[in-house]
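One letter stands for each residue in the lines below.
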Amino acid sequence: MITTSIQDNITMARSLMSIKQSFDYIERELFFGKTKVYMLAINGFTQTEVLQHIVADVQSLSDGEGKIQNLDNFIDCKLGFAQVSYVDDWEPLIKNLLSGQTILIVDGFAKAVSIDTRTYPLRSITEPDTEKVTRGAKDGFVENIIMNTALMRRRIRDPKLTFELHQVGEDSKTDVAIAYIKGKAEEKLIEEIRTKLDSIKVTSLTMGMQSLKELLIPRSYFHPLPSVLTTERPDVASSYLEEGYVLLVPDASPMVMVLPCSIFQFTQSPEDYYKSPVVGNYIRAMRLFSLLASLLLLPLFLLFGAYIPLPEQFSLVSTDGMTPIKLFVLVLIIEVTLDLFRYSTSHTSERFAGALSIVGGLIIGDVAVKLEWASPEVLFYGAATMLATLSIASLDMAEGLRIYRIFLVLCTGFFGLWGFAVGLAVILISVITTPTFGKTSYFWPLVPFQWKALKTLLFRYPTVKAQPSSLLKEQKSKKNE
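Report on the accompanying structure. (Residues numbered from 1 in each chain as written. Predicted model: local features only at pLDDT ≥ 70, side-chain atom pairs only at ≥ 80, totals over all residues. Heavy atoms only, no water.)

Let's talk about the sheet that holds strand S9 (residues 246–250)
In space, the five strands of this open sheet follow the order S6-S7-S9-S10-S8, with antiparallel pairing throughout. Where the open sheet ends on each side, the last strands, each with one partner, are strand S6 (161–168) and strand S8 (229–231). Sheet twist, expressed as the mean angle between neighbouring strand axes with direction ignored, is 25 degrees. The pairing of S8 with strand S10 (residues 256–259) spans three bridges and is classified as antiparallel. (Pairing = 2+ DSSP bridges. Helix = DSSP H or I, 4+ residues; strand = E, 2+ residues; numbered from the N terminus. Axes fitted to C-alpha atoms, helices over the stretch in contact; angles between N-to-C directions.)

A short note on unusual backbone geometry
For the bond running from Leu259 to Pro260, omega is -10 degrees, close enough to zero to count as cis. The linkage connecting Trp444 with the following residue, Pro445, adopts the cis geometry, with an omega of 10 degrees. One can find Pro445 in the loop between helix H14 (395–432) and helix H15 (451–458). Unusually for a residue other than glycine, Ala252 sits at a positive phi of about 65 degrees. Its place among the elements puts Ala252 in the loop between S9 and S10.

Details of the sheet that holds strand S1 (residues 25–32)
Adjacent strands of a sheet form backbone hydrogen bonds with each other and so pair up, either parallel or antiparallel. Spatial strand order, S1-S2-S4-S5-S3: five strands in an open sheet with antiparallel pairing. Of all strands in the sheet, those with a lone pairing partner are S1 and strand S3 (84–87), marking the two edges. The mean inter-strand angle of the sheet, taken between neighbouring strand axes irrespective of direction, is 25 degrees. By the bridge criterion, four bridges tie S3 to strand S5 (residues 112–115) in an arrangement that is antiparallel. Note that in S5 the partner of Tyr86 across the bridge is Val113. Docked against the sheet, helix H1 (residues 6–16) engages S1, strand S2 (35–42) and strand S4 (102–106), running at close to 15 degrees with respect to S2. The sheet strands contacting helix H3 (residues 71–78) are S1, S3, S4 and S5, and the helix crosses S3 at an angle near 160 degrees. (Contact = heavy atoms within 4.5 Å.)

With respect to the packing of aromatic side chains
For the structure on display, the rule yields eight aromatic pairs. Judged by centre distance (6.2 Å) and plane angle (25 degrees), the rings of Phe32 and Phe74 are stacked. Here the residue Phe32 occupies a position in strand S1, and Phe74 occupies one in helix H3, the gap between them amounting to 42 residues. The class of Phe32 is buried, set by a relative accessible area of 5%. On the basis of an interplanar angle of 50 degrees and a centroid distance of 6.3 Å, the ring pair of Phe414 and Phe415 is categorised as tilted. For the pair Phe414 and Phe415, one class covers both residues: exposed. Every member of this aromatic cluster is reached through a ring pair, and the members are Phe301, Phe380 and Tyr381. Positioned over the ring face of Tyr86 is Lys111, at 4.5 Å from the centre of the ring. (Phe/Tyr/Trp six-rings, centres within 6.5 Å; stacked < 30°, edge-to-face > 60°. Buried < 20%, exposed > 50% of the residue type's maximum accessible area, 1.4 Å probe, protein only. Lys NZ or Arg CZ within 6 Å of the ring centre and 35° of its normal.)

Points about helix H7 (residues 209–216)
Note that an α-helix has 3.6 residues per turn; residues three or four places apart therefore point the same way. Considered for burial, the residues of H7 that qualify are Met209, Ser211, Leu212, Lys213 and Leu216. Check the buried side of H7 and you find it contacts strand S7 (174–181), helix H6 (187–199), S8, S9, S10 and H14.

Some points on a nonpolar patch on the surface
Where nonpolar side chains cluster on the molecular surface, the patch consists of Leu446, Val447, Phe449, Trp451 and Phe459 and spans about 500 Å² of accessible area. One can find Phe449 in the loop between H14 and H15. (Patch = residues over 30% accessible without salt bridge, like charges linked within 9 Å, V, L, I, M, F, W, Y side chains within 5 Å. Areas by Shrake-Rupley, 256 points an atom, 1.4 Å probe, with all protein chains shown as cover. Salt bridge = Lys/Arg side-chain N within 4 Å of Asp/Glu carboxyl O.)

Regarding the nonpolar core
One finds Leu225, Leu241, Leu247, Ile263, Met397, Val431 and Tyr442 to be the most contacted residues of the largest nonpolar core, which totals 42 residues. Within the residue set of this core, elements represented by two or more residues are helix H5 (145–155), S7, helix H8 (234–242), S9, S10, helix H10 (277–306), H14 and H15. For this core, the leading source of residues is H14, giving eight residues. If near-sequence neighbours (up to four positions away) are discounted, Tyr442 is found in contact with Leu225, Pro226, Cys261, Ser262, Ile263, Phe266, Met397, Val431, Thr434 and Thr436. Residues Leu197, Leu216, Ile217 and Leu259 belong to the second largest nonpolar core, which totals 22 residues. (Core = buried A, V, L, I, M, F, W, Y, C linked by side-chain atoms within 4.5 Å.)

Examining the pattern of salt bridges
Scanning the model with the defined rule gives 19 salt bridges in all. Here Glu29 and Arg14 are joined by a salt bridge, their closest N and O atoms 3.7 Å apart. Taken together, the positions of Glu29 in strand S1 and Arg14 in helix H1 put the pair 15 residues apart, joining distant regions of the chain. Given a relative accessible area of 40%, Glu29 falls into the partly exposed group. Glu242 is paired through a salt bridge with Lys184; the nearest N and O atoms lie 2.5 Å apart. With Glu242 in helix H8 and Lys184 in the loop between S7 and H6, this pair connects stretches of sequence that are 58 residues apart.

Okay, structure coming up:
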C-alpha cells in the first residue's frame, strides 16, 4: 500500500522497479507550493511537451500557496488535464506507469495521482498489404489500440458501441479490448469471451494475435484452416460489428479478431462491396472457384496423368509418356519451388521483388524445361494452381489449403486413386472438425441451415437489401428456441 510518507514511497518505488539502473525511467522530486511531490514516467511513452506544461503550471504556485490540504480539491482546481485518476496500491501504480501514464506521489497522502499523458511510437496509417482493394478506403489498423478503436468509432457513431478493456499476460499485461454493440451482439458470447480472457494463464502474448488465437481455441493448431477470422481493415471490422459479431482488439497488433468464425467468411472480400453488385458477384464466384482449384488442380493432374489416363479426345493432360514416379517427383518439385519463389518474393525488398519474379518465371522455368528437369505441362498446372491460390482473399485460408494440397499430392502419388479418395476424405473430416470459438459450427449458416444468413454470404446484394440485421444473433436465438 502507498503510505503518507513520501520518502518511504520513494524507497519502495526504487526497490520495486529498476529506476536507477534503467535509463528510460524518468524521476523528479518537485514542489507544488510547499508540498513535496515525486514524479515517475517512462521516456518514450510520455508526451513530454504536455507534461512540461502541466508541471510548470502547478509549480508556478510558488511557496505562497502553502501545503496541500485536500488532494482531490487541489487536483480538480489546479491540474487542468483531461484524464486523471487515483491509485492507492503499488500494483495498479506500476501497471499504469508501465503502460505510459505519469505518476505523481504527493507527500502526506496515501494515494498517487495517475495522469494519462501517454503516447506510443506509431507508424503512419496505410492500407494493409494483404487486404488491398482497387477502390475504397485506404486506411488500416496500426499497432496502437487507441488509434484502432478510434478508426472503428469514426465509422460507427453508435453510443452502444463498447470497448471493454482486459489484460492478458502476467509479465506483458497486454491490453485486449472486447468490441461489440450492445443489443446486437449476443450477451452469452460476450460473457464467454470475458471469462476466457480473464482465465488465460500465460507469461506474455509473445506473437500477439497468433498467441491469443491459440490460447482462446485449444488444439486449433492441429488444423491448417484458420479457426478465427482476422482483419487489418477498419471498414471490414466495422461491418462485422454492425452484424452482431464480437471483435478482440489487442494492443501492439495491427489486426483484430472476429468471433465467432465460419468458413464462408473467407469467401468474402471488401473488393466485392466497392464494385457494382453484378461485378461483385462475379468476383465472388471466381473466388469460390479458386478455392477448389487451389486444392484440387495439381492432385487431379497427377491422378489423371499418372494413374487414370483419359481418352485422348477428352484429356486436358499431356505427360509425354512420363512414368508415374517421375511425374510425381516433378509435381512435388514444382510445388516446393513455386512456394519458395512466393516466400522469397514476399520477404524481399520491393526494389528486388520484380527482378526475382523475372528470374524465377523466365530464366529458371525455361532452363528447367530445356534440361528436362520439368515439363511445360507440369509448369503450367503448377502456375495455374499458384494463381488460384493468390486469388484467395484470406492469406490464412490460402496457406491452409496449401497444406491440404501437399497432403493430397502425397496420397495420390503413393497410392493412386485410392490415395486420392482417402486423402480427400481425411481433408473433409479435418475441415468439418475445425474448432471455433463458442461452439459455433464452422459451416454456419449451412449447418445448421439458415438461408437468410447464407445468401448474404454467398451473394453480393445491393446496399438497399444488404443492411446489417444481426444475423448471427437471430441464428443463436432460433437455436436456443
